[in-house]
Amino acid sequence: MADTLPSEFDVIVIGTGLPESIIAAACSRSGRRVLHVDSRSYYGGNWASFSFSGLLSWLKEHQENSDIENDSPVWQDQILENEEAIALSRKDKTIQHVEVFCYASQDLHEDVEEAGALQKNHALVTSANSTEAADSSFLPMEDESLSTMNCEMLTEQTPSSDPENVLEVNGAEVTGEKENHCDDKTCVPSTSAEDMSENVPIAEDTTEQPKKNRITYSQIIKEGRRFNIDLVSKLLYSRGLLIDLLIKSNVSRYAEFKNITRILAFREGRVEQVPCSRADVFNSKQLTMVEKRMLMKFLTFCMEYEKYPDEYKGYEDITFYEYLKTQKLTPNLQYIVLHSIAMTSETASSTIDGLKATRNFLHCLGRYGNTPFLFPLYGQGELPQCFCRMCAVFGGIYCLRHSVQCLVVDKESRKCKAIIDQFGQRIISEHFLVEDSYFSENMCSRVQYRQISRAVLITDRSVLKTDSDQQISILTVPAEEPGTFAVRVIELCSSTMTCMKGTYLVHLTCTSSKTAREDLEPVVQKLFIPYTEMEIENEQVEKPRILWALYFNMRDSSDISRSCYKDLPSNVYVCSGPDCGLGNDNAVKQAETLFQEICPSEDFCPPPPNPEDIVLDGDGLQPEASESSAIPEANSETFKESTNLGNLEESSE
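Remember, predicted model here, so these are calculated numbers, not experimental data.

### So, the pattern of salt bridges
Argument step 1. Scanning all chains against the criterion turns up 25 salt bridges.
Argument step 2. A salt bridge links Asp436 to Arg555; the shortest N-O distance between them is 2.9 Å. Here the residue Asp436 occupies a position in the loop between β18 (431–435) and β19 (450–459), and Arg555 occupies one in strand β24 (residues 545–556), the gap between them amounting to 119 residues. Accessibility assignment for this pair places Asp436 and Arg555 in one class, buried.
Argument step 3. Several salt bridges converge on common partners, so that one network encompasses Asp38, Arg40 and Asp92.

Structure, rendered in structure tokens:
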């Protein structure tokens, strides 16, 4: 690999998370020579999505990663007298407190393997009620733990959409479902526009289940490639920065999306659906006629609250919760506005922040459906890959499983001049972007990180049953104790291509105050029950049953000043991992800010040229044309299409 890489680039990006991938695409689009490397075997970093066996392999990697010792640096001989090196870390310490539980029936046989898997995948399964202790080097010493660390299969990542099946973000939810999954993502050290993956058809499992509603662990393993499990759980606001960027850059053609079908609330031990649109409000049976008028009047004010400063003047210094108490709203309406529309808590937001959040929610309604949110088919991990594909189309070079040993810094100018990779090759560049997790403990010694508590559940039914079993829901469960945080619950059905039929994939997220299990288990116990044989026979059970559960803490490196990093060269830029917010605006803002520092006079991810208008260098058929003269014309045409899309969207509301 080292012999095939050029020795000089304009921009080197280390890490393939969403901010890094957006920047790499923007730089490549603007004509910069980009090298994009990642020591991992998959795209996305902590933004990635995995099949079920791929997730088990990821867990195993983190267990082995904790045992890695930094070898004596063999690259020291390449550092000259007027240079110094900043060693990069080989350990990924962004994931902690991992706990896995299996409640599904344990009938795993030797001949069970994941459908379409490249090689046999054996997993050591310990029942949820087993008395065997889990692997003490990785999982907590709990009697209920499940050790899944004997998975031998290479990490499998979520498939990327085929160009033939791509969908621009130009209308309602996707109505068709792809029945193909892709093989593992592999290194793409190519500058061509070839696809980064191939679709592998999966035959539908037509075997009849032994019992009604009975789902076994072997079924989950066998259908593992139908799961696409996100490490970070987010949604896309239909008028958010990421949707705007996807449309502007035409990267949306690489992905498909589903509209979130409903917004839920948890009150007095019950899950209820929250009315979103005007029609929903007036058709709701949960609200009285007086409450409906109160709610519509308040929401109308929130849409244009800046025009009426007298309505909130004097309340800027109190919380949005206290402000709602001063309005003519019943406690029921206050709860709905606070937790399900503004999606905040009693203490988290000021009056202005709450009004902004409410207006943003209302502003996003109706663009693509009855709620403000979209979800990418095959999971959040599709989005970094979409931008990586755009970067590769415009000449970016990709290398996965390719680690960087150190950054080489000139002592006199204090600027980084090169990297030295795992093969000892020195690669020169003008700008370097590094994902936070690659820095050593010494570099980050002054950084104070927050943590995100995450849980992933596989369940057998929805938290709120309706006539349709294909509901995509978001639910906010308020914090009950001081010092804890509200928990965001996103429930995905099989039509999102993230879980097998007959199951739901549930993501729980909150800001950490303790370990993930301590933070989230109380909410899990309110909404779900463990899956046991006795309860299978009892059809009167109302709560969904948990088949499998994963808890872990993830580092939140967002909003950290670069001054917190020790001795950071001026041309080395830090990209953060995922934050705890629901949307992706933070990643887009970060990417655009860093891009403007690298390319201050360039447009950020402009529309791509029309392929028919591109004239290659040295093409003698059209000597009077040039690439630079063809691109602006194509850009203006593409922009017209985007504008027309916007007009169609506005007229359809």
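Additional details are given in the paragraphs that follow.
### A closer look at the pairing of strand β21 (residues 487–492)
Argument step 1. The buried fraction of β21 is high, at 6 of 6 residues.
Argument step 2. Across the two faces of β21 the burial is the same, with Val487, Val489 and Glu491 and Arg488, Ile490 and Leu492 all buried.
Argument step 3. Summarising the sheet, strand β20 (residues 473–477) and β21 pair through 5 bridges and their orientation is antiparallel. For Ile474, the partnering residue across the bridge sits in β21 and is Ile490.
Argument step 4. Pairing of β21 with strand β22 (residues 504–511) involves 5 bridges; the strand directions are antiparallel. When the bridges of β22 are listed, Ile490 appears paired with His507.

### Considering the packing of aromatic side chains
Argument step 1. Following the criterion strictly, the structure yields 17 aromatic pairs and no others.
Argument step 2. Members of the aromatic cluster, joined through ring pairs, are Tyr42, Phe50, Trp58 and Phe552.
Argument step 3. Above the plane of the ring of Tyr335 lies Arg267, whose end atom (NZ or CZ) is 4.9 Å from the centre.
Argument step 4. The cationic tip of Arg555 hangs over the ring face of Tyr449; the distance from NZ or CZ to the ring centre is 4.1 Å.

### What to know about the packing of helix α8 (residues 331–341) against helix α9 (residues 351–364)
Argument step 1. Running from N to C, α8 and α9 point in directions that differ by 75°, and their axes come no closer than 10 Å. Taken together, α8 and α9 sit at an angle that is classed as roughly perpendicular. Here Val337, Ser340 and Ile341 of α8 come into contact with α9, specifically with Ala357, Thr358 and Phe361.
Argument step 2. When grouped by side-chain class, the residues that make up the contact of α8 with α9 number 4 nonpolar, 2 polar and no charged.

### Remarks on the packing of helix α1 (residues 18–29) against helix α10 (residues 382–393)
Argument step 1. For the pair α1 and α10, interaxial distance at closest approach is 8 Å and the crossing angle is 20°. Regarding the angle of α1 to α10, the classification is roughly parallel. α1 and α10 meet at a crossing whose hand is left-handed. Residue-level inspection shows Leu18, Ser21, Ile22, Ala24, Ala25, Ser28 and Arg29 of α1 in contact with α10, the latter providing Leu383, Pro384, Phe387, Cys388, Met390 and Cys391.
Argument step 2. For the contact of α1 with α10, the residue count by class is 10 nonpolar, 2 polar and 1 charged.

Cut-off values and rules
Every residue gets a number counted from 1 within its own chain, in the order that chain's sequence is written. The model is predicted, so local features are restricted to residues of pLDDT at least 70 and side-chain atom pairs to those at 80 or more, both for listing and for counting; the totals for chains, interfaces and linings are taken over all residues. Values shown for side chains rest on all heavy atoms present in the structure; no hydrogens or waters enter the calculation. Any carboxyl oxygen of Asp or Glu that lies within 4 Å of a side-chain nitrogen of Lys or Arg is treated as forming a salt bridge with it. By the criteria applied, helices consist of DSSP H or I runs no shorter than four residues and strands consist of E runs no shorter than two, each listed in order from the N terminus. Each residue's exposure class comes from its accessible area (1.4 Å probe, protein chains only) as a fraction of the maximum for that residue type: buried when under 20%, exposed when over 50%, partly exposed otherwise. Two strands pair under a simple rule: DSSP has to find at least two bridges between them. Centres within 6.5 Å make a pair out of two Phe, Tyr or Trp rings, where for Trp the six-membered ring is used; the pair is then stacked when the planes are under 30 degrees apart, edge-to-face when over 60, and tilted otherwise. Here, a charge over a ring means that NZ of Lys or CZ of Arg falls within 6 Å of the ring centre while also lying within 35 degrees of the ring normal. Orientation is described by lines fitted to C-alpha atoms, with helices fitted over the stretch in contact, and by angles between N-to-C directions that extend from 0 to 180 degrees. Angular relationships are summarised with four words: roughly parallel below 35 degrees, roughly antiparallel beyond 145, roughly perpendicular across 65 to 115, and oblique for the angles in between. Every residue pair with non-hydrogen atoms within 4.5 Å of one another is taken to be in contact. Three categories are distinguished: nonpolar for Ala, Val, Leu, Ile, Met, Phe, Trp, Tyr, Cys and Pro, charged for Asp, Glu, Lys and Arg, and polar for the others, with Gly belonging to the last. By convention the crossing between two helices is left-handed if the near helix lies anticlockwise of the far one by an angle smaller than a right angle, and right-handed if it lies clockwise.

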